[in-house]
Amino acid sequence: MIEPVSNTELDAMTIMDILSTLPHRYPMLMIDKIIEIDGDDSAIGIKNVTVNEPAFQGHFPGSPIFPGVLIIEGMAQVCGAIAIRHDSRDDKKSIVMLLGVDKARFRHPAGPGDTLEYHVSKIQRRRNVGRYRAEAKVNGKVVAEAEITAMISEANS
């Protein structure tokens, strides 16, 4: 079956683009790149989980599991990055603040060597508040899901 051709041109963000968009830095930056962006409607972000992540020192030694709260943070960072990029203007710098996480579910653990794919899609956007549906997948299998609400505001200089 032939898929219909979309008039939408997808975009992407490298790690350097992400660093210039989000204020997060190591060890709290939870995305390595965003491979597909459709405005602020949807995106797929990537996080390569490595054994030397700081969280693995205590979660859990000998049986490392990437913390669910960090998976949620990664989803939220993808939502924030595409919202800021969509709204960006040269004369102002924006920041995103997490307002809520709803319907969070953790289905399977993720660990060292896994590549997390954060699939996010906009549910609703009103002015500076956006609500997104997010899924984290490893090898196509959903490991976590949630609805993320965030507010975009002007950053303090």
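Before any of the text, the structure's been laid out above.
This report concerns the structure included in the present document. (Residues numbered from 1 in each chain as written. Predicted model: local features only at pLDDT ≥ 70, side-chain atom pairs only at ≥ 80, totals over all residues. Heavy atoms only, no water.)

1. Let's talk about the overall build of the protein chain
For step 1, the next point in the chain: Check the secondary structure of the protein chain and you find two helices and seven strands.
For step 2, the next point in the chain: Of the regular secondary structure in the protein chain, the N- to C-terminal order runs β-α-β-β-α-β-β-β-β.
For step 3, the next point in the chain: Its C-alpha atoms give the protein chain a radius of gyration of 16 Å, within 12% of the compact-globule value 15 Å for 157 residues.
For step 4, the next point in the chain: Principal-axis analysis of the C-alpha atoms places the extent of the protein chain at approximately 50 × 50 × 30 Å.
For step 5, the next point in the chain: Taking all 157 residues of the protein chain together, the buried fraction comes to 38%.
For step 6, the next point in the chain: Counting only contacts in the protein chain whose residues sit at least 6 apart along the sequence, the fraction spanning at least 24 positions is 64%. (Helix = DSSP H or I, 4+ residues; strand = E, 2+ residues; numbered from the N terminus. Rg over C-alpha atoms; globule rule 2.2 N^0.38 Å. Buried < 20%, exposed > 50% of the residue type's maximum accessible area, 1.4 Å probe, protein only. Contact = heavy atoms within 4.5 Å.)

2. Brief notes about the nonpolar core
Generally speaking, soluble globular proteins have nonpolar side chains that are buried together.
For step 1, the next point in the chain: By size, the foremost hydrophobic cluster in this structure holds 39 residues, and its most contacted members are Ile34, Phe66, Ile71, Leu116 and Tyr118.
For step 2, the next point in the chain: Tallying contributions element by element places helix 2 (residues 68-87) first for this core, with 11 residues.
For step 3, the next point in the chain: Excluding its chain neighbours within four sequence positions, the residues that come into contact with Ile34 are Ala12, Met13, Ile18, Ala43, Ile44, Gly45, Val78, Ala81 and Ile82. (Core = buried A, V, L, I, M, F, W, Y, C linked by side-chain atoms within 4.5 Å.)

3. Section: the sheet that holds strand 7 (residues 141-154)
For step 1, the next point in the chain: Judged by pairing direction, the sheet is antiparallel, and its seven strands sit side by side in the order 1-2-3-5-6-7-4 without closing on themselves. A single partner strand is all that each edge strand has here, and the edge strands are strand 1 (11-13) and strand 4 (94-106). Taking each pair of neighbouring strands and ignoring which way they run, the sheet shows an average axis angle of 25 degrees.
For step 2, the next point in the chain: As defined by bridge partners, strand 1 adjoins strand 2 (residues 33-38) across two bridges and the pair is classed as antiparallel. Residue pairing across strands places Asp11 opposite Ile37, the latter belonging to strand 2.
For step 3, the next point in the chain: On top of the sheet, helix 2 reaches strand 1, strand 2, strand 3 (42-48), strand 4, strand 5 (115-126), strand 6 (129-138) and strand 7; it is set at about 55 degrees to strand 5, its chief contact. (Pairing = 2+ DSSP bridges. Axes fitted to C-alpha atoms, helices over the stretch in contact; angles between N-to-C directions.)

4. Comments concerning the environment of Arg125
For step 1, the next point in the chain: Here Arg125 shows up in strand 5.
For step 2, the next point in the chain: Taking the C-alpha atoms as reference, Arg125 lies 26 Å from Met16; in sequence the two are 109 residues apart.
For step 3, the next point in the chain: Aside from chain neighbours lying at most four places away, what touches Arg125 is Asp40, Ala83, His86, Asp87, Gly130, Tyr132 and Ile152.
For step 4, the next point in the chain: Separated by 2.7 Å, the side chains of Arg125 and Asp40 make a polar contact. (Polar contact = N/O pair within 3.5 Å; in protein donor to acceptor, adjacent residues only side chain to side chain.)

5. Details of helix 2
For step 1, the next point in the chain: In this model helix 2 runs 29 Å from its N-terminal to its C-terminal C-alpha over 20 residues, within 8% of the 28 Å that 1.5 Å per residue would give.
For step 2, the next point in the chain: By the criterion of burial, helix 2 is predominantly enclosed, with 15 of the 20 residues buried. (Expected span 1.5 Å × (residues − 1).)

6. Section: the side chain of Glu53
For step 1, the next point in the chain: Inspection of the secondary structure puts Glu53 in the loop between strand 3 and helix 2.
For step 2, the next point in the chain: Dropping the residues within four chain positions of it, Glu53 is found in contact with Lys47, Asn48 and Phe66.

7. Observations regarding the pattern of salt bridges
Should their charged atoms come close, side chains of opposite charge can pair.
For step 1, the next point in the chain: Applying the stated rule across the entire model yields 13 salt bridges.
For step 2, the next point in the chain: Lys122 is the salt-bridge partner of Asp40, the closest N and O atoms lying 3.0 Å from each other. Of the two residues, Asp40 sits in the loop between strand 2 and strand 3 while Lys122 sits in strand 5, which places them 82 residues apart along the sequence.
For step 3, the next point in the chain: For Lys122, a relative accessible area of 29% corresponds to the partly exposed category.
For step 4, the next point in the chain: In this structure, the salt-bridge partner of Lys137 is Glu135, at a minimum N-O distance of 3.8 Å.
For step 5, the next point in the chain: Given a relative accessible area of 22%, Glu135 falls into the partly exposed group.
For step 6, the next point in the chain: A single network of salt bridges, built from pairs that share partners, joins Asp40, Asp41, Asp87, Lys122 and Arg125. (Salt bridge = Lys/Arg side-chain N within 4 Å of Asp/Glu carboxyl O.)

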